[in-house]
Amino acid sequence: MENMQFRAMNTQIILAAEGQARQVQPGFDMARKFILESEQRFTRFSTDSELSQLNQSGGAWFKVSAHMLEVLLLAKEYVEKTRGLFDPSILPDLRRVGYDRTMDLIHSEGVFSLGDPVRHPRTPFDALIIQPEQSLVSLPGGLTLDLGGIAKGWIAEKAALLLAEYADACGVSAGGDMHLIGLPDGQPDWPVSLDDPLHPGESLALLHLPPGGIATSSVTKRAWKQGDKLRHHLIDPRSGEPALTEWLSVTVIADHTDTCEVFAKALLISDTSEAQEIAIKAGIDFLAVDRQGNLCGTNNSLEYAQ
Amino acid sequence: MKNIKHSLHILLTFASMLGFLGGWATLAHSRKPAQPTTASGQAVESLPALVPLAPVDLSGAASPDSGSGGMTIIAPPLSARSSRPVFSTGGS
C-alpha cells in the first residue's frame, strides 16, 4: 500500500491507497491540495480564513462558500443530536482557558494567557441564522464559532472520496480522525491501532474495521498548563471549563467521519450513563478507555477489538 | 422384622411427600422479584452494560483476562490476520 504523509491542521496527515505509485500519486496530490485549502478555510488561527471572517462579521449577513455552508448545517444537526454536548459556540471559553494559538505554538512557547477568572456569558449556538438557499449566515450577539473538530472529520472524509477516484481501497487519517474506503488487498478489514492514552506511543488494542469512519477524542493529547491548572481542549459547554471526564479517550466507529468526531467529543464530555443513552439513541458504537486504562465498549464495538 | 421394615418404608415415603408439598406451598406463596418500572408503571428495558475488556497483547501472545470480570480477548499473531497497521487513532 502506497502512502503519503505531511503535516496540516496542526496534526499528522496520512494518505494511503492500494495501487501502483504512478497510479495513485495524482490522487494523493488532489487530496493533499484539498486538505490544505480546507485548512485555510476552517482555521480560527488565521485572521483571513473564511471562518475568522465569519466570526468577525458582527451579526451582518455573510455569504459563505458551499463547503462552509455544508459544515455549518452539519454542526446544527449534531448540536441537536448530542443534546448540546457538541457546541461550536464554546470558542470564547476555549480562548479563556488558554487555547488562543495553535497547539504547536502552545507546546513550543507555553500559554501566555492566565485566563479571566470570571466566565462571561456567551451567545448560544442556536442564535446562528442560516439561509441555505442564498448561502447567507449571520452570527448575532457576538456569537463566534470553533469548527476545528467537525471540520477535521469532514475534511478527512472528503479527501478520502477524492483519493478513491484513483484507488479501489484507500484511507485518509487526520490525526486519527480517518475515513476508510474499500478493503486493503487480501484483507478482510482495516487494521487500525488504538493508542494507549496512559502510555504515549504505545498501542492498547488492534482494531479490525470495516470501511467507514473512525475518530478518537482524548483529554491527554491536546493538553497544557495554564498557571498551575492542567487544561485540555474538550470544553464542557455546560460549565465552560475543560470537561471533568471519567474516560481518558473515546473512539467512535460510524459511517461518516464527522459523525465519529462529534460523538467522540460529546461522549467523552458527558457522564457514562448519559453517554450510553446518547449512543443508543443515535445508533453509535464506541470504545472508551477509563482512568485505569481499561478498555470498555458498547456491545457491537467489541467485535472490532477482537 | 419384615413388618418393621415395611412400616419404615411407609414412614419415609410419607415424610418425603410431606416435605415436598410443604416446600411447594412455601414457594407458591412467596413474593415475585420486582420489575424496574417508570413513573407511569410501565416496565423499562435496562441499558446494555459497558463490558470491560482485557488489554490486547499486540505481541501476538494469548492475553488472558486478568480478572477484570469482563470477557477474554485472545489476540492471534498479527501476521495471521493482517499486516502492520498503516493507521492509528488516539486523538490529535
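Engineer: So what exactly am I meant to see when it comes to the sheet that holds strand E8 (residues 190–195) of chain A here?
Structural biologist: For sheets, the rule is that strands pair by backbone hydrogen bonds, running either parallel or antiparallel. Sheet architecture is open: 3 strands sit in the order E9(A)-E8(A)-E1(B), paired in mixed fashion. Both outer strands of the open sheet, strand E9 (203–209) of chain A together with strand E1 (87–89) of chain B, are each paired with one neighbouring strand and no more. Across the sheet, the axes of successive neighbouring strands diverge by a mean angle of 35°, strand direction being ignored. Relative to E1(B), E8(A) runs parallel, the two being bridged by 3 bridges. Each bridged residue has a counterpart across the sheet, and for Ser193(A) the counterpart in E1(B) is Ser88(B).

Engineer: Help me understand unusual backbone geometry in this model?
Structural biologist: Excluding glycine, residues mostly have negative phi values, and the peptide bonds linking residues are mostly trans. Residues and elements named next belong to chain A. Despite not being glycine, Met9 shows a phi value in the positive range, around 55°. Judged by the 22 C-beta atoms lying within 10 Å of it, Met9 falls in the buried class. Located in the positive-phi region is Asn10, a residue other than glycine, with phi close to 60°. By the secondary structure assignment, Asn10 is in the loop between strand E1 (2–8) and strand E2 (11–17). For Asn10, a count of 19 C-beta atoms within 10 Å corresponds to the partly exposed category.

Engineer: Is there a simple way to think about the pairing of strand E11 (residues 223–226) of chain A in this case?
Structural biologist: Two faces, one strand: in a regular strand the side chains alternate between the faces of the sheet. Residues and elements named next belong to chain A. Here 4 bridges tie E11 to strand E12 (residues 229–232), and the two strands are oriented antiparallel to one another. Bridging across to E12, Trp224 finds its partner in Arg231. If you look at the hairpin formed by E11 and E12, you'll find 2 residues sitting between the two strands, and Gly227 has a positive phi there, around 65°.

Engineer: How do you make sense of the pairing of strand E10 (residues 212–218) of chain A when you look at a structure like this?
Structural biologist: Residues and elements named next belong to chain A. The buried count for E10 comes to 6 of 7 residues, which makes it a mostly enclosed element. Note that strand E7 (residues 177–181) and E10 share 3 bridges and pair antiparallel. Note that in E10 the partner of Leu180 across the bridge is Gly212. Here 6 bridges tie E10 to strand E15 (residues 247–254), and the two strands are oriented antiparallel to one another. From the neighbouring strand, Ser218 faces E15, where its bridge partner is Ser249.

Criteria and cut-off values
Residues numbered from 1 in each chain as written. Chains lettered and ligands numbered in written order. Predicted model: local features only at pLDDT ≥ 70, side-chain atom pairs only at ≥ 80, totals over all residues. Pairing = 2+ DSSP bridges. Helix = DSSP H or I, 4+ residues; strand = E, 2+ residues; numbered from the N terminus. Axes fitted to C-alpha atoms, helices over the stretch in contact; angles between N-to-C directions. Buried ≥ 20, exposed ≤ 12 C-beta atoms within 10 Å, placed from the backbone.

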